Amino acid sequence: MSFDRDRLHLAIQKSGRLADQSRQLLKDAGLKLQQGGRNELAARAENFPLDLMLVRDDDIPTFVADGVCELGIVGQNVLDEYALGRPELRIEQVAKLGFGRCSLKIAAPDSLGRFELAMLQGQRIATSYPRLLGRFLADNRIAAEVVTMRGAVELAPRLGIAGFVCDLVSTGATLDANGLMPVADVFDSEAVLIRTPRPLDAAHAEKAAALLTRIDGVIATAESKYIVLNAPESALPAIVQILPGAEAPTVIPLIGREGQVAVQAVCQESVFWETLERLKAAGASAILVMPIEKMML
Ligand code: PRP
Ligand code: ZN
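The structure presented is a predicted model; accordingly, all values stated were derived computationally and were not measured.

Asks: Looking at this model, I keep getting lost on the overall build of the protein chain. Mind explaining?
Replies: Of the regular secondary structure elements, the protein chain holds nine helices and 15 strands. Against the globule reference of 19 Å for 297 residues, the protein chain gives a C-alpha radius of gyration of 24 Å, more extended than a compact globule. Each principal axis of the C-alpha distribution contributes one length, and for the protein chain these read about 80 × 55 × 35 Å. Counting across all 297 residues of the protein chain, residues that qualify as buried make up 43%. Carbon together with sulfur atoms contributes 51% to the accessible area of the protein chain, which is approximately 15700 Å² in total.

In structure tokens form, the structure reads like this:
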């Protein structure tokens, strides 16, 4: 596949924690993505003027900063680590995507026992995120030596390279497997959509806007539910208060049931069992909660 300047380019992680969910987000946005072989570094959307660049996550901010890709999906951790080193660049964070949640944590060998931040004074800490860690240490007035490693950070204590590590933790399995325990939170992260600081020409800007509208719709739909319920008219003020994130619900009279109405609303926040219990207590009955397939705001 050749590089076609007229198309939009979106950088995503080729393989790793964010790869599958980045593709899924685009599929949910209606894009048909070409499969491509294992060694393929690009994938074309068949029904949208977009090509995916499949790269290492650490390279995504560079591609987007340089304008090789107009857009990218990357962890906030990778973005901010890059941005701290290039403060003159303003890569715009367009949207939080709600997946790939993890946090950058300092961890110590299980044998350490009790921990307090002051114990980091004068210690060596191994990490792939020297700038985020450096900022945390400076904020907390800790003078420690940061040892930068590209990977396998968790091995550092056993190898005697550093007493502590600072690495991403999502399930915690990697720390566990290496006899380490988290002791301090440095940075909370999730996947974000980013846009190049380079100005886009009108054609690219229009394509980017169309894609962003679809992605916004997917994000909004993920949590949104359609709620239908019956209620006495007198209970409406209380019920509308309880409906999470609902604007201007529809109220319809119920034929043959004096004083009773049906209420329909899009709730743009999570609807929990507790929400339903509160609705029932406020007088609602026959409550239905339905998924929303697609939404364009
Ligand atoms: C991070 C980190 C650990 C792993 C932790 O790597 O370096 O290896 O995830 O996950 P866990 O808590 O679920 O075990 P990442 O996926 O960011 O890959 P990369 O460092 O190679 O980019
Ligand atoms: Zn990486």
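Read on, since the account is not over.
Asks: Please explain the environment of Ser103 as it appears in this structure.
Replies: Positionally, Ser103 belongs in strand 6 (residues 102-109). Spatially, the C-alpha atom of Ser103 lies 18 Å from that of Leu193, the residues being 90 residues apart in sequence. Residues contacting Ser103, with those up to four places away along its chain left out, are Asp167, Leu168, Val169, Asp185, Phe187 and Asp188.

Asks: Would you mind showing me how to read the coordination of the zinc ion (ligand 2) here?
Replies: By definition of the ideal shapes, a tetrahedral metal site with four donors has angles of 109.5 degrees and an octahedral site with six donors has angles of 90 or 180 degrees. The protein atoms that coordinate the zinc ion (ligand 2) are Asp57 (OD) and Asp58 (OD), at distances of 2.2 to 2.4 Å. Residue class for Asp57 comes out buried when judged on its relative accessible area of 18%.

Asks: What am I meant to see in unusual backbone geometry here?
Replies: One can expect most non-glycine residues to show negative phi and most peptide bonds to be in trans. Phi is positive for Arg141, which is not a glycine, with a value near 50 degrees. Within the secondary structure, Arg141 sits in the loop between helix 4 (130-139) and strand 8 (145-148). You can call Arg141 exposed: its relative accessible area is 73%.

Asks: In this structure, what is going on with the packing of helix 3 (residues 76-85) against helix 4? I would like to understand it.
Replies: At a closest axis distance of 8 Å, the pairing of helix 3 and helix 4 adopts a crossing angle of 75 degrees. Relative to helix 4, the element helix 3 is oriented roughly perpendicular. Where helix 3 abuts helix 4, its residues Asn77, Asp80, Glu81, Tyr82, Leu84 and Gly85 lie against Pro130, Arg131, Leu132 and Arg135. A class-by-class count of the residues in the contact of helix 3 with helix 4 yields four nonpolar, two polar and four charged.

Asks: Is there a simple way to explain the pattern of salt bridges in this structure?
Replies: A side chain with one charge can pair with a side chain of the opposite charge if their charged atoms come near. This model, assessed by the stated rule, comprises eleven salt bridges. Salt-bridge contacts for Arg7 lead to Asp51; the nearest nitrogen and oxygen are separated by 2.9 Å. Note that Arg7 is positioned in the segment before strand 1 (8-13) and Asp51 in strand 3 (residues 50-55), a separation of 44 residues in sequence. The class of Asp51 is buried, set by a relative accessible area of 0%. The partner of Asp185 in a salt bridge is Lys105, and the shortest N-O contact between them spans 2.8 Å. Here Lys105 lies in strand 6 and Asp185 lies in strand 10 (residues 180-189), a separation of 80 residues in the sequence. Note on Asp185: relative accessible area 45%, which makes it partly exposed.

Asks: Looking at this structure, I do not really get the site of ligand 1. What am I missing?
Replies: Around ligand 1, the neighbouring residues are Arg17, Asp57, Asp167, Leu168, Val169, Ser170, Thr171, Gly172, Ala173 and Thr174. One nitrogen or oxygen atom from the main chain of Gly172 is found 2.7 Å from an oxygen atom belonging to ligand 1. Between ligand 1 and Ala173, the relevant distance is 3.5 Å, taken from an oxygen atom to a main-chain nitrogen or oxygen of the residue. Those elements that place two or more of their residues in the shell around ligand 1 are strand 9 (164-169) and helix 6 (173-177).

Asks: So what exactly am I meant to see when it comes to the side chain of Asn77 here?
Replies: With respect to the helices, strands and loops of the structure, Asn77 is situated in helix 3. A distance of 2.9 Å separates a polar atom in the side chain of Asn77 from a polar atom in the side chain of Tyr129. One polar contact links Asn77 to Ser189, side chain to side chain, over a distance of 2.9 Å. Beyond its immediate chain neighbours, meaning those up to four positions away, Asn77 contacts Tyr129, Leu132, Leu168, Phe187 and Ser189.

Asks: It is not clear to me how the sheet that holds strand 11 (residues 191-195) should be interpreted in this structure. Could you clarify?
Replies: Sheet strands associate in pairs through backbone hydrogen bonding, adopting either a parallel or an antiparallel arrangement. Strand order across the open sheet formed by six strands is 2-3-1-4-11-5, with mixed pairing between neighbours. Each end of this open sheet is capped by a strand with a single partner; those strands are strand 2 (42-44) and strand 5 (92-96). Averaged over all neighbouring strand pairs, the angle between strand axes comes to 25 degrees, with direction disregarded. Relative to strand 4 (residues 71-75), strand 1 is paired through two bridges, and the arrangement is parallel. If you follow Leu10 over to strand 4, its bridge partner there is Leu71. Sitting on the sheet, helix 1 (residues 19-28) is in contact with strand 1, strand 2, strand 3 and strand 4, with an inclination near 145 degrees to strand 1. Along the sheet, helix 7 (residues 202-223) contacts strand 1, strand 3, strand 4, strand 5 and strand 11; its crossing angle with strand 1, the most-contacted strand, is approximately 45 degrees.

What counts, and at which threshold
Residues numbered from 1 in each chain as written. Chains lettered and ligands numbered in written order. Predicted model: local features only at pLDDT ≥ 70, side-chain atom pairs only at ≥ 80, totals over all residues. Heavy atoms only, no water. Helix = DSSP H or I, 4+ residues; strand = E, 2+ residues; numbered from the N terminus. Rg over C-alpha atoms; globule rule 2.2 N^0.38 Å. Buried < 20%, exposed > 50% of the residue type's maximum accessible area, 1.4 Å probe, protein only. Areas by Shrake-Rupley, 256 points an atom, 1.4 Å probe, with all protein chains shown as cover. Contact = heavy atoms within 4.5 Å. Donors = N, O, S within 2.8 Å, 3.2 Å for Na, K, Ca; no water. Axes fitted to C-alpha atoms, helices over the stretch in contact; angles between N-to-C directions. Parallel < 35°, antiparallel > 145°, perpendicular 65-115°, else oblique. Nonpolar A, V, L, I, M, F, W, Y, C, P; charged D, E, K, R; others polar. Salt bridge = Lys/Arg side-chain N within 4 Å of Asp/Glu carboxyl O. Near = heavy atom within 4 Å. Polar contact = N/O pair within 3.5 Å; in protein donor to acceptor, adjacent residues only side chain to side chain. Pairing = 2+ DSSP bridges.

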